[in-house]
Amino acid sequence: QLPPSIEEWLREIDEVGFLARYHGAIAAHFDSPAQVLDVYLLCRPLPRAEAQPPASAASAAVSASNFGPVSFDPRFFEEMQIAKLGHRRLF
């Protein structure tokens, strides 16, 4: 479960505090970590051979079992001005 605030989320990702400097930029655009993920999280579908058939018609539209690795859209790092590679990797 995601923390409710951007500050808590950044602290959860990075206990040392390197990401705290980005709080202002992220909080200026988003109210919660969930909003950030809704906009910038990329889910890549698995190849057809690995994908699981949906259990029902309702789950056919979006089935979590049919997705592979997730990553952040590179736009997130550009728009939030996260330039350091080490900081990007924490996300």
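What you see is a predicted model, and the numbers here were worked out from it, not measured in a lab.

(A) Representation of the packing of aromatic side chains. Taken as a whole and judged by the stated rule, the model has ten aromatic pairs. Seen from their ring centres, Trp 9 and Phe 72 are 6.5 Å apart, and the 45 degrees between their planes marks the pair as tilted. Placement of the pair is Trp 9 in helix H1 (residues 6-13) and Phe 72 in strand E2 (residues 67-72), with a sequence separation of 63 residues. The class for Trp 9 is buried, based on a relative accessible area of 4%. Classification of Phe 72 as buried rests on a relative accessible area of 12%. Both rings, one in Phe 76 and one in Phe 91, keep their centres 5.1 Å apart while their planes meet at 75 degrees; by these two values the pair is edge-to-face. Placement of the pair is Phe 76 in helix H5 (residues 74-79) and Phe 91 in the segment after helix H6 (85-90), with a sequence separation of 15 residues. Here Phe 76 and Phe 91 have matching classes, each one buried. Members of the aromatic cluster, joined through ring pairs, are Trp 9, Phe 30, Tyr 40, Phe 72, Phe 76, Phe 77 and Phe 91.

(B) Quick peek at the confidence of the model for the chain. Averaged over the chain, the pLDDT score is 84; the fraction of residues at 70 or greater is 76%. Every residue in residues 53-63 is under pLDDT 50, and counting partners more than four places away or in other chains gives three contacts.

(C) Highlighting H1. Looking only at H1, the buried set comprises Ile 6, Trp 9 and Leu 10. Mapping the buried residues of H1 onto a view down its axis gives an arc of 95 degrees, with all of them on the same face.

(D) Main features of the pattern of salt bridges. For the structure shown, the criterion picks out three salt bridges. Of the charged contacts, one joins Arg 11 and Glu 7 as a salt bridge, the two residues approaching to 3.3 Å between their closest N and O atoms. Note that Arg 11 and Glu 7 are positioned in helix H1 at a spacing of four residues, about one turn of the helix. Close ionic contact of Arg 75 with Asp 73 constitutes a salt bridge, the shortest N to O distance being 3.0 Å.

Conventions adopted
- Residues numbered from 1 in each chain as written.
- Predicted model: local features only at pLDDT ≥ 70, side-chain atom pairs only at ≥ 80, totals over all residues.
- Heavy atoms only, no water.
- Phe/Tyr/Trp six-rings, centres within 6.5 Å; stacked < 30°, edge-to-face > 60°.
- Helix = DSSP H or I, 4+ residues; strand = E, 2+ residues; numbered from the N terminus.
- Buried < 20%, exposed > 50% of the residue type's maximum accessible area, 1.4 Å probe, protein only.
- pLDDT = per-residue confidence, 0-100.
- Contact = heavy atoms within 4.5 Å.
- Arc of directions from axis to C-beta.
- Salt bridge = Lys/Arg side-chain N within 4 Å of Asp/Glu carboxyl O.

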